[in-house]
Protein chains: 4
Amino acid sequence: MLIVMDLNAPREDIEKIKLKIKQLNCTPHEIPGASKLAIGITGPTHNLKQEDFSLMPSVEDVVRVTKKYKLVSRMMKSEDTIIDFGNKSIGGNRLQIIAGPCSVESRDQIFEIAEILKNMGINFLRAGAYKPRSSPYSFQGLKEEGLKYLEEVKKEFDLKIVTELLNQHTVDAVAAVADIIQIGARNMQNFTLLEEAGKTQKPVLLKRGMSATVEDLLLSAEYIISQNDYNIILCERGIRTFETATRNTLDLNAVPVLKKETHLPVFVDPSHGVGIWDKIPPMALASIAAGADGLMIEVHQRPGEALSDGYQALDPKRFKSLLEKIKELAPIVGKELV
Amino acid sequence: MLIVMDLNAPREDIEKIKLKIKQLNCTPHEIPGASKLAIGITGPTHNLKQEDFSLMPSVEDVVRVTKKYKLVSRMMKSEDTIIDFGNKSIGGNRLQIIAGPCSVESRDQIFEIAEILKNMGINFLRAGAYKPRSSPYSFQGLKEEGLKYLEEVKKEFDLKIVTELLNQHTVDAVAAVADIIQIGARNMQNFTLLEEAGKTQKPVLLKRGMSATVEDLLLSAEYIISQNDYNIILCERGIRTFETATRNTLDLNAVPVLKKETHLPVFVDPSHGVGIWDKIPPMALASIAAGADGLMIEVHQRPGEALSDGYQALDPKRFKSLLEKIKELAPIVGKELV
Amino acid sequence: MLIVMDLNAPREDIEKIKLKIKQLNCTPHEIPGASKLAIGITGPTHNLKQEDFSLMPSVEDVVRVTKKYKLVSRMMKSEDTIIDFGNKSIGGNRLQIIAGPCSVESRDQIFEIAEILKNMGINFLRAGAYKPRSSPYSFQGLKEEGLKYLEEVKKEFDLKIVTELLNQHTVDAVAAVADIIQIGARNMQNFTLLEEAGKTQKPVLLKRGMSATVEDLLLSAEYIISQNDYNIILCERGIRTFETATRNTLDLNAVPVLKKETHLPVFVDPSHGVGIWDKIPPMALASIAAGADGLMIEVHQRPGEALSDGYQALDPKRFKSLLEKIKELAPIVGKELV
Amino acid sequence: MLIVMDLNAPREDIEKIKLKIKQLNCTPHEIPGASKLAIGITGPTHNLKQEDFSLMPSVEDVVRVTKKYKLVSRMMKSEDTIIDFGNKSIGGNRLQIIAGPCSVESRDQIFEIAEILKNMGINFLRAGAYKPRSSPYSFQGLKEEGLKYLEEVKKEFDLKIVTELLNQHTVDAVAAVADIIQIGARNMQNFTLLEEAGKTQKPVLLKRGMSATVEDLLLSAEYIISQNDYNIILCERGIRTFETATRNTLDLNAVPVLKKETHLPVFVDPSHGVGIWDKIPPMALASIAAGADGLMIEVHQRPGEALSDGYQALDPKRFKSLLEKIKELAPIVGKELV
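Residues numbered from 1 in each chain as written. Chains lettered and ligands numbered in written order. Predicted model: local features only at pLDDT ≥ 70, side-chain atom pairs only at ≥ 80, totals over all residues.

A. Structural view of the domain arrangement of chain A. Domain boundaries in chain A define domain 1 (2–63) and domain 2 (94–337). The gap between the C-alpha centroids of domain 1 of chain A and domain 2 of chain A is 36 Å. (Domains from an automatic or database assignment.)

B. Quick peek at the packing of helix 10 (residues 280–289) of chain A against helix 10 (residues 280–289) of chain B. In contact at an axis separation of 7 Å, helix 10 of chain A and helix 10 of chain B are set at 160° when each is read in the N-to-C sense. Between helix 10 of chain A and helix 10 of chain B, the interaxial angle falls into the category roughly antiparallel. Here the hand of the crossing between helix 10 of chain A and helix 10 of chain B comes out right-handed. Between helix 10 of chain A and helix 10 of chain B, the contacting residues are Pro282(A), Leu285(A), Ala286(A) and Ala289(A) on the first element and Pro282(B), Leu285(B), Ala286(B) and Ala289(B) on the second. (Axes fitted to C-alpha atoms, helices over the stretch in contact; angles between N-to-C directions. Helix = DSSP H or I, 4+ residues; strand = E, 2+ residues; numbered from the N terminus. Parallel < 35°, antiparallel > 145°, perpendicular 65-115°, else oblique. Left-handed = near helix turned anticlockwise from the far one by under 90°. Contact = placed C-beta atoms within 7 Å.)

C. Representation of the environment of Ile332(A) in the model. Here Ile332(A) lies in the loop between helix 11 (316–329) and strand 13 (336–337). Residue classification places Ile332(A) among the partly exposed residues on the basis of 18 C-beta atoms within 10 Å. Sequence-wise, Ile332(A) and Ala173(A) are 159 residues apart; in three dimensions their C-alpha atoms are separated by 41 Å. Residues within four places of Ile332(A) in sequence aside, it is in contact with Lys325(B), Glu328(B) and Leu329(B). (Buried ≥ 20, exposed ≤ 12 C-beta atoms within 10 Å, placed from the backbone.)

D. The arrangement of the interface of chain C and chain B in detail. The interface of chain C with chain B comprises 25 residues on the first partner and 25 residues on the second. Mapped onto the side of chain C that touches chain B, the elements with two or more residues apiece are helix 6 (191–199) and helix 7 (214–225) of chain C. At four residues, helix 7 of chain C tops the list of elements feeding residues into the side of chain C that touches chain B. Of the residues assigned to the side of chain C that touches chain B, the class counts are eight nonpolar, twelve polar and five charged. (Nonpolar A, V, L, I, M, F, W, Y, C, P; charged D, E, K, R; others polar.)

E. Here's a closer look at the relation of the copies chain B and chain A. Structural alignment of chain B on chain A gives an RMSD of 0.1 Å, achieved by rotating through 180° and translating 0.0 Å along the axis. Viewed as a symmetry operation, the transformation between the two copies matches a two-fold axis. Taking C-alpha positions as the reference, the residue of chain B nearest the rotation axis is Ala286(B), at 2.0 Å. Taken together, the interface assignments show that 100% of the residues at the interface of chain B recur at the interface of chain A, consistent with an identical surface on both copies. (Least-squares fit on C-alpha atoms with pLDDT ≥ 70 in both.)

F. Broad picture of the sheet that holds strand 4 (residues 59–63) of chain C. Residue and element names in this part refer to chain C. Spatial ordering of the open sheet is given by 2-3-1-4, a layout of four strands whose pairing is antiparallel. The open sheet is flanked by strand 2 (27–31) and strand 4, the only strands paired with a single partner. Taken over all neighbouring pairs, the strand axes of this sheet differ in orientation by 20° on average, direction set aside. As defined by bridge partners, strand 1 (residues 2–5) adjoins strand 3 (residues 37–42) across four bridges and the pair is classed as antiparallel. (Pairing = 2+ DSSP bridges.)

Right, here's the structure in full:
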């Protein structure tokens, strides 16, 4: 249930409503908005009646949210969520590109690629310190050492860091370095991890699981947002189907579906979605054309030497040429890449 | 196996090679090309040796084709196939949009929408006279009557007609009216129908089956091309996955994969691919951005009154606004919509 | 809609009802049954009212069928359909095993395997004369010659023949030899072929398409049954999923689902369902345990030499040992293998 | 790589080999076996040569394991793993049924169902204290309180407890009560959790993820076994496909595939696999017929009142009747249910 109030409602009126919600054993959520003030209600809302609230002071409307997901839905908050990074904000009409290697491989490697990307105007650097790998015998990332290099590179080049959180032990360490905490596809329904990520109050990039429906993805985002963390980026990265010509099947249908259902920004990771480097530029353009708010792309200075996923990384030259095309494409879909 | 020859090779040399191929119990295929003359060989090619041909006159190269599909592959023919419709050609750097209603519903209906589309500059009208329906109790199309209206509308507005061939009984009737014979997703592996369509020597638009891999699609196209019909358009229209938020999962990954593997033009049908009208414009743009050579889109003058699939049809106003965006997008991917 | 009548209703009363149905622009179907006489109604039944029929003579009940499929549903006919082959009937509490090679390869081959199978007590021989193959360059079957051998082998060993119908051209030729006409997975939605198969009034074995839901399968069966051909066997043969460890994913869930939804016998083809010979015996037993009315299994005298699908064929020794286990298993699920 | 030694090899010889393995920067694993003593090697084994070990004392054979998974594979250990619970052992020719409600709902509920199951001869009680739910607003289990009731019920009825581990915080609490730690489908690739479960040295039941291939499942088991925990049960529970007639698609093909690839016991959970109670008994029988070593089945005293998943729970009467059929079926597949 959602209570819509006047933006200038006195704090006293707001608190009265929140108190009443708690008395009815539910949880109130003040939802940030530019034109209205809204209070979302979660919990056993089937016990509530609209009349409980409709006549209270400053209340303009009381709406029952029929979706399984609540706080992430456009019914609760109709305006796009914009994640504030000063002049590097995410969402709205601004495109952002998160780029970088699959994993931090060494101090030299990450400094080299960071400088290249910075010079191309990239604001967000991705690189995994902890890597989730199907096999316990594959390279698992540099771990703490990787985080340390990310911290250094962040200061050196004034880049925002996006890096994956794998488990509860490392929440504090990752949150100390990351500007955006990434939750990978395999952990999309690791609900405890979602809650812990939300508790950090950091922006979270949540990747869609390989067999997750759009509804599952939104429900997982609801675990984060219910920790009062509204800064969530949803990321389509390909689903598992019978097709073996590509690593995964990038489901771009999900982009317009998500943009309608939720106020959260939607990114696409074409690198994992298709898994073969020469198919990435067309799929990156297609993602923007479909309405994505940004991309997450693997870029490596020498893809052939990458310790993981090198076949799906672009080299800097090809990435630059892609950026130029994105810049041209952006205005056609009402966006800009700055 | 493929024999590459000088473009100016004397007919005599060509015939000698074709004769030798036949003597070895294989089948020669002269492959149309602008810069080289090539002879593809199908049949028990494992018995052939490169030396059988490499020293014959006018032969420049002998190449073994390792793909399961032969004549459709870029190994056999590296240049894009362009289907010649005078100034309405398909393939190469020209985008074409095939538009129209799901089915012919009446003479008035098809004349009304044809005029609207013609006035928007559309060259290809789609509309089904025979409709394949999951249930025997659903509307099955106007059949012969529908074909008759298509013939009339074709003359009246100088439109090229794209209509579906459902079975062997109606090959002649459909081929008499259609400029492009459509083979639907459910018949993609109806191999007899593929051969019959090929025998008409008409252009064929072959839709990908709901659970067909890209390789399956190319092998089905091979059934058509082996009838010496090179004018084939492949059409991605969504595959079946676990996702239920959309009617199908439009697999745009298939576009760059197909463009690399085959010389045939690749279209996308976002109407079936997503199945909900308001998601069609973004997916149409995404298809072009991914590298498609054209689109097949359902447009109905009054979608709410359509006898079939109305929820996935655009109305003329929205379609026009989409066309304008496509026109802007085309040059970014090296194409033009004229 | 379904009209249930007394089994001894006079012909006159029945005809009156059928006439009335036709006057209301619908189609009556007399449904064979042991305990009741029923008349199914298809067509624009939304125009009918129960009162139109409930007071007519001999009418016991009028039921609205809410499923999309009508005549195949248990709502229309609650008793199991038993396909009458004298003492080799299919359905009810009798298990039948259809066995034989993927394709007729030669007169000697089919005679040899037929004799082996006959001696094991097998009543139904499967073997393809026309083979649907993904590639136009693969072995396509012996065609007319294959049919001829099947006719000879049928007489020699008194075996019932199950062979695939691929296209409309060969309906008469196949129907002349086949005791059961097989429609393959790739043609499950070749609706014209379904109707033609139904028109022969022969029993039809309909295989589930690779991406067909259970509902799709039942709707396809409805195309056959609406030709007044009630002798249909549904056959689960594996669906397409992301799993590549097996050729297909045999969906045994479909067996109890189908047994509840329809009165038609349900078979399973574990050979295509799993695609690796050593996994076939356990999956064959699992199929019977799940409630299947029979199996379709590939058996070849020398699987290593088969012209198609040899890796999924059992040799006679292993097949015999499987038959013995099926005989033991049958009574546990209330069936017998005779 | 695998070193096979004489069962009576002196400890000194074994230690020499293990030392050499460590000197080569790899990890030795002594693999329990009845007829041979084996030392598995994981790590950078591509640096090892067979000659490094083949001439060392007591070494009989040196084998390179070509699968991605190592210690779980039959190449490493050919005999079936039997999990020792005294006279309630799991694996080998003994069938075990794990039964119980989806979740612990109250002290009374769990005591009531435990007594019913104990009286039917059931040895293993399943019930979740922590429940992973797609929505944060669904019932999440009784948590610590639920664990307490499980501890009480375990003592009262001498039942082995199977309960799910959801996160790292609760490893100690769950391990203190559980005889078998369950890892759910959503956490199958939560690699940290797998390692933590392995470190407890308790038996672990690992459920297949909804989009996990058989290879993925084995690789996840490898994370556990590499913690030197060999007591792992793999559990098929249905995968995600396009079919919506059932909750999931139970992939029984996986049973014979897994039985060939690995020495670990393989269970099936037909309750989640099909998701509709009346389809569970046939699928349970099919699972045993396919070669499963046991089942995990949801049983609730009053399914209609269950707090979660009631529609997929059997009531005690139907469960008892299923047990009787399983008892009859077991000897046909060389097993017994005691």
